[in-house]
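Examination of the molecular architecture
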Amino acid sequence: MSTNTSPLANARIAVLGYGSQGRAHALNLRDSGLDVVVGLRPGGPTWQKAEADGFVVKTPAEAVKDADLVAVLTPDMVQKQLYNEVLAPHMKQGACLLFAHGLNVHFGMIAPRADLDVVLVAPKGPGALVRREYEIGRGVPCIWAVYQDQSGKAKDYALAYAAGLGGARANLIETTFKEETETDLFGEQAVLCGGASSLVQAGFETLVEAGYQPEIAYYEVLHELKLIVDLFYEGGITRMLEFVSETAQYGDYVSGPRVIDAGVKARMKEVLKDIQDGTFTKNWVAEYEAGLPNYKKFKQADLDHPIEAVGKQLRAKMVWLQADAAQADAAPLKKAG
């Protein structure tokens, strides 16, 4: 029999959801010697994909009824209904309920049964990276937390799950559901998605309105951003400063604070307050339940922004991007394990 000494060595793990994170979690856990079943809606688009990867696929209710650990890797806004209709009535007594994002639990949309261990394990990277790093013998750092420890072993289960993903090869950092949820939402809204995309659009508009070619503006404010972000990723601001010119450094020092000034930080604090007091989540739930009218409008406005049309034309001539895309499309066809 297996010599696996993980606290989950003899456990059945049900992974619910088979998107980017779900697929990576399921494959990595299985390759770490753990017993994994995948729970999906019958006839859904990912059912065949999970079967093609060699998993036993069941309905969520069937998948969780004999599972020792249930990993919820479905979108945030479907988790409340999933818990109430499937998990609460079908999970066995004393099982462990695991989330990769704490939003539903932290803001009280899910109130886990008292008999369950409730933990969080969140890899700090997209699913494709979580899988790729595992396959080459490395791992993506994970943060983890315990919300409810009924068995006295919740911490062990969280750490074992993170190790199964490959996270222990990199770095494991303890957090709380509150800290993970609020910092994750803030990062997305103020910097990574909302902040970065708005900054790029404003820079593009400023150059084009001043009479510069849209193609040149695209390269300067969007295309080259990857080069800077890669340097940030590799060695922080210090590495970026090492690899840009003195002219660029001086411009950074004197103009950066003119664009991102105290007023921006004050508005960031307002964004954080809305996250902390539940205003953002309340509004997001109301938006989702109303059928996403504003969400669709906002998304279409981004898709219709002139920088998108310019970028599409320019990227079509970047042969290396086409090669990378073709490789990414072919990757899921590789035999698992």
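Predicted, not measured: the structure shown is a model, and the values here were computed from it.

1. Regarding the overall build of the protein
Of the regular secondary structure elements, the protein holds 17 helices and eight strands. By the compact-globule yardstick of 20 Å for 337 residues, the protein fits well, its C-alpha radius of gyration being 22 Å. In terms of its C-alpha atoms, the protein occupies a principal-axis envelope of roughly 65 × 45 × 40 Å. Among the 337 residues that make up the protein, the fraction classed as buried is 37%. In the protein, the proportion of contacts linking residues at least 24 apart, taken out of those at least 6 apart, comes to 64%.

2. Regarding the packing of aromatic side chains
The final tally for this structure, using the stated rule, is five aromatic pairs. Judged by centre distance (5.2 Å) and plane angle (50°), the rings of Tyr147 and Phe177 are tilted. With a gap of 30 residues between them, Tyr147 in strand E7 (residues 142-148) and Phe177 in helix H8 (residues 177-192) connect regions that are remote in the sequence. The class of Tyr147 is partly exposed, set by a relative accessible area of 41%. Arranged with centres 5.9 Å apart and planes meeting at 25°, the rings of Trp284 and Tyr295 form a pair that is stacked. Of the two residues, Trp284 is situated in helix H14 (residues 279-289) and Tyr295 in helix H15 (residues 293-303); the sequence distance between them amounts to eleven residues. You can call Trp284 partly exposed: its relative accessible area is 23%. What makes Tyr295 partly exposed here is its relative accessible area of 37%. Among the aromatic residues, those joined into a ring-pair cluster are Trp284, Tyr288 and Tyr295. Lying across the ring of Phe55, Arg30 places its NZ or CZ 4.1 Å from the centre.

3. Points about the environment of Gly39
Assignment of secondary structure puts Gly39 in strand E2 (residues 35-39). Accessibility expressed as a relative area gives 3% for Gly39, which makes it buried. Along the sequence, Gly39 and Tyr161 sit 122 residues apart, while their C-alpha atoms lie 17 Å from each other. Apart from residues lying up to four places away in sequence, Gly39 is in contact with Val15, Leu16, Gly17, Lys58, Thr59, Pro60 and Ala63.

4. Digging into the pairing of E7
By the criterion of burial, E7 is predominantly enclosed, with five of the seven residues buried. Pairing of strand E6 (residues 117-123) with E7, which is carried by six bridges, proceeds in the antiparallel orientation. Directly across from Val121, in E7, lies its bridge partner Trp144. Pairing of E7 with strand E8 (residues 172-174), which is carried by three bridges, proceeds in the parallel orientation. Within E8, the position partnered with Ile143 by the bridge is Ile173. In the classification by handedness, the crossover that spans E7, the intervening helix H7 (residues 154-165) and the parallel E8 is right-handed.

5. A short note on the sheet that holds strand E4 (residues 69-72)
With mixed pairing, eight strands are arranged side by side in an open sheet as E3-E2-E1-E4-E5-E6-E7-E8. Strands with a single pairing partner mark the edges of an open sheet, and in this sheet they are strand E3 (57-58) and E8. Against the sheet, helix H4 (residues 76-90) touches strand E1 (12-16), E4 and strand E5 (96-99), its axis set at about 155° to E4.

6. Remarks on the pattern of salt bridges
Tallied over the entire structure, the rule returns 13 salt bridges. As a salt-bridge pair, Lys178 and Glu182 come within 3.1 Å of each other at their nearest N and O atoms. Linking Lys178 with Glu182, this pair stays in helix H8, spanning four residues, or about one helical turn. Among the salt bridges present, the one from Arg239 reaches Glu234, with a minimum N-O distance of 2.8 Å. One network of salt bridges, in which partners are shared, links Arg12, Asp35 and Asp66.

7. Overview of the pairing of E4
Going residue by residue along E4, you find Leu69 and Ala71 tucked away on one face and Val70 and Val72 tucked away on the opposite face as well. Summarising the sheet, E1 and E4 pair through four bridges and their orientation is parallel. In the sheet register, Val15 faces E4, and the bridge partner there is Ala71. On the question of chirality, the crossover connecting E4 to the parallel E5 by way of H4 is right-handed.

8. Some points on the packing of helix H1 (residues 20-31) against helix H6 (residues 127-135)
The contact between H1 and H6 brings their axes to 7 Å, and the two run at 20°. One finds that H1 runs roughly parallel with respect to H6. The two elements H1 and H6 meet at a crossing, and its hand is left-handed. Residues Ser20, Gln21, Ala24, Leu27, Asn28 and Asp31 of H1 touch H6, and the partners they reach there are Gly127, Ala128, Val130, Arg131 and Tyr134.

Here is what the cut-offs are and how they apply
- Residues numbered from 1 in each chain as written.
- Predicted model: local features only at pLDDT ≥ 70, side-chain atom pairs only at ≥ 80, totals over all residues.
- Heavy atoms only, no water.
- Helix = DSSP H or I, 4+ residues; strand = E, 2+ residues; numbered from the N terminus.
- Rg over C-alpha atoms; globule rule 2.2 N^0.38 Å.
- Buried < 20%, exposed > 50% of the residue type's maximum accessible area, 1.4 Å probe, protein only.
- Contact = heavy atoms within 4.5 Å.
- Phe/Tyr/Trp six-rings, centres within 6.5 Å; stacked < 30°, edge-to-face > 60°.
- Lys NZ or Arg CZ within 6 Å of the ring centre and 35° of its normal.
- Pairing = 2+ DSSP bridges.
- Right-handed = clockwise from strand over helix to strand, strands pointing away.
- Axes fitted to C-alpha atoms, helices over the stretch in contact; angles between N-to-C directions.
- Salt bridge = Lys/Arg side-chain N within 4 Å of Asp/Glu carboxyl O.
- Parallel < 35°, antiparallel > 145°, perpendicular 65-115°, else oblique.
- Left-handed = near helix turned anticlockwise from the far one by under 90°.

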